[in-house]
Amino acid sequence: MTVLAAGTPAPSFTLARASGESFTERDLRGRTTVLVFYPFAFSPVCTDQLQLYESLLGELAEQGAALYGVSCDSTWAQGAFAEKLGVSSEQLSDFEPKGAACAAFGVLHEGGFPQRALVITGPDGVVRWSYQAPSPGELPGVELLREGLAAALR
């Protein structure tokens, strides 16, 4: 699978919020959205990634962008993960049906977990920029995310 390319409308999808409410393609409309697909809560690289991106949240907000973490973990595991890390970015669960949204975005690994990927959509719900790491163990750094956001906002 390959991550959705720039210019592709966001697919129809449903992710679960910790509140039990759904997050869908309609929630992408009206602002720039950064979706951070990560393989597993509590894994070392995912821990580093979410903590690193936490430092960018203010900068993203200044540019009118919101960041969400997405994994196939349950909302309970994601909540415990975010609490342990002290991160404030909302985590969205692709637990049921497992991996359906990740597959729609082209980032579902054959092992049943998300590839490490970044997808930035514009206020119109169209993908403006995307990146998929060569392997789940490689962390896309802060500068790559900044470059992606700059490209998405052009």
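The rules behind these values
- Residues numbered from 1 in each chain as written.
- Predicted model: local features only at pLDDT ≥ 70, side-chain atom pairs only at ≥ 80, totals over all residues.
- Heavy atoms only, no water.
- Helix = DSSP H or I, 4+ residues; strand = E, 2+ residues; numbered from the N terminus.
- Polar contact = N/O pair within 3.5 Å; in protein donor to acceptor, adjacent residues only side chain to side chain.
- Phe/Tyr/Trp six-rings, centres within 6.5 Å; stacked < 30°, edge-to-face > 60°.
- Buried < 20%, exposed > 50% of the residue type's maximum accessible area, 1.4 Å probe, protein only.
- Core = buried A, V, L, I, M, F, W, Y, C linked by side-chain atoms within 4.5 Å.
- Contact = heavy atoms within 4.5 Å.

A. View of the environment of Ser-55. Mapping Ser-55 onto the fold places it in the loop between helix H1 (44-54) and helix H2 (57-62). Put simply, Ser-55 and Val-87 are 32 residues apart on the chain and 9.2 Å apart in space, counted from C-alpha to C-alpha. At 2.6 Å, the side chain of Ser-55 forms a polar contact with the backbone oxygen of Leu-52.

B. Main features of unusual backbone geometry. In this structure, Pro-97 follows Glu-96 across a cis peptide bond, with omega equal to -10°. Relative to the helices and strands, Pro-97 is located in the loop between strand E5 (90-93) and helix H4 (100-104). Its identity is not glycine, yet Phe-42 carries a phi of approximately 75°, on the positive side. Of note, Phe-42 is situated in the loop between strand E3 (32-37) and H1.

C. Highlighting the packing of aromatic side chains. Overall, the coordinates contain eight aromatic pairs when judged by the stated rule. Judged by centre distance (5.4 Å) and plane angle (50°), the rings of Phe-37 and Phe-105 are tilted. Note that Phe-37 is positioned in strand E3 and Phe-105 in the loop between H4 and strand E6 (117-121), a separation of 68 residues in sequence. As far as the burial class goes, Phe-37 and Phe-105 line up, both buried.

D. Representation of the nonpolar core in the model. One finds Leu-35, Phe-37 and Phe-105 to be the most contacted residues of the largest nonpolar core, which totals 21 residues. Those elements that place two or more of their residues in this core are E3, strand E4 (65-71), H4 and E6. The biggest single contributor to this core is E4, with three residues. Not counting residues up to four positions away in its chain, the partners in contact with Phe-37 are Val-70, Cys-102, Phe-105, Val-107, Pro-114, Gln-115, Arg-116, Ala-117 and Val-119. Core analysis: the next-biggest nonpolar cluster, separate from the first, contains 15 residues, Ala-65, Leu-118, Ile-120 and Leu-149 among them.

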